[in-house]
Amino acid sequence: MSARTRIPALISRAGTTSVLTAAALAGSTLIPAAAPTAEAATPAGKALRIAASKKGSPYRYGAVGPHRFDCSGLTLYSFKRVGKKLPRTAAAQYNKTRHVSVRSRKAGDLVFFHSGGSVYHVGIYAGKGRIWHSPKPGRTVRKERIWTRSVWYGRVK
C-alpha cells in the first residue's frame, strides 16, 4: 500500500484523529515543499545559505567577517562556519578545491574568476548562473549573474 492510499485509509480509521496525525502515522509528508532538500543539508549548501545571510555586508579588503568581507573572506567565513577549512586567498582556495566542470557544478561550489592562469576573484555558486560574492570597494555582498566565461569551478573537500 503506497503512502497515497495509506493516508485516506488511516483518516477513515482514525475517526476524529487529525490529518496531520494520520500523515505522521503513515510516515509521509503532507507538504513536500517543506521537506529539506539533500543539497541544502550538505556543508556546501549550508555555506551557501550563510553567504546569502550576509547580503548587504560591506566589502573591505582583507576582511573575513562577520560584518565585512572581501571576496575570499566571504567564502572562507561561510565554509568555516560549517566546519570546512579554506586558505585565505582566492588563488589558494582554488588550489585547495577539487576542480569540477561547468556541467558538474552544483550550488555551493566555488566559482573562480581568472585572467589567463591567475585567479583574481571568488564567489559561491547559487545556481542558475548566479553567485553570492563580495565584489569590490564601495559594494556589498550580493547575488549576481556570472558575467564572464573566464571561470573555473571548485568543490570544497
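Provided above is the structure to which this section pertains.
Because the structure is a prediction, the values reported are computed rather than measured.

Cut-off values and rules
Residues numbered from 1 in each chain as written. Predicted model: local features only at pLDDT ≥ 70, side-chain atom pairs only at ≥ 80, totals over all residues. Heavy atoms only, no water. Helix = DSSP H or I, 4+ residues; strand = E, 2+ residues; numbered from the N terminus. Buried < 20%, exposed > 50% of the residue type's maximum accessible area, 1.4 Å probe, protein only. Contact = heavy atoms within 4.5 Å. Areas by Shrake-Rupley, 256 points an atom, 1.4 Å probe, with all protein chains shown as cover.

Structural notes on the overall build of the chain
Working step 1: Each helix and strand counted, the chain has 6 helices and 6 strands in total.
Working step 2: Mapped from its N terminus to its C terminus, the chain presents α and β elements in the order α-α-α-α-α-α-β-β-β-β-β-β.
Working step 3: Relative to its full complement of 157 residues, the chain shows a buried share of 38%.
Working step 4: Considering only intrachain contacts with a sequence separation of at least 6, the fraction spanning at least 24 residues in the chain is 49%.
Working step 5: By element, 55% of the accessible surface of the chain is carried by carbon and sulfur atoms, the whole surface being about 9,400 Å².

A closer look at unusual backbone geometry
Working step 1: Residues G65 and P66 are joined by a peptide bond in cis, for which omega reads 5 degrees.
Working step 2: Relative to the helices and strands, P66 resides in the loop between helix 4 (43-53) and helix 5 (71-80).
Working step 3: Of note in this structure, K128 is not a glycine but carries a positive phi near 55 degrees.
Working step 4: The residue K128 is located in the loop between strand 3 (118-127) and strand 4 (130-133) in this model.
Working step 5: Here K128 falls in the exposed class, since its relative accessible area comes to 77%.

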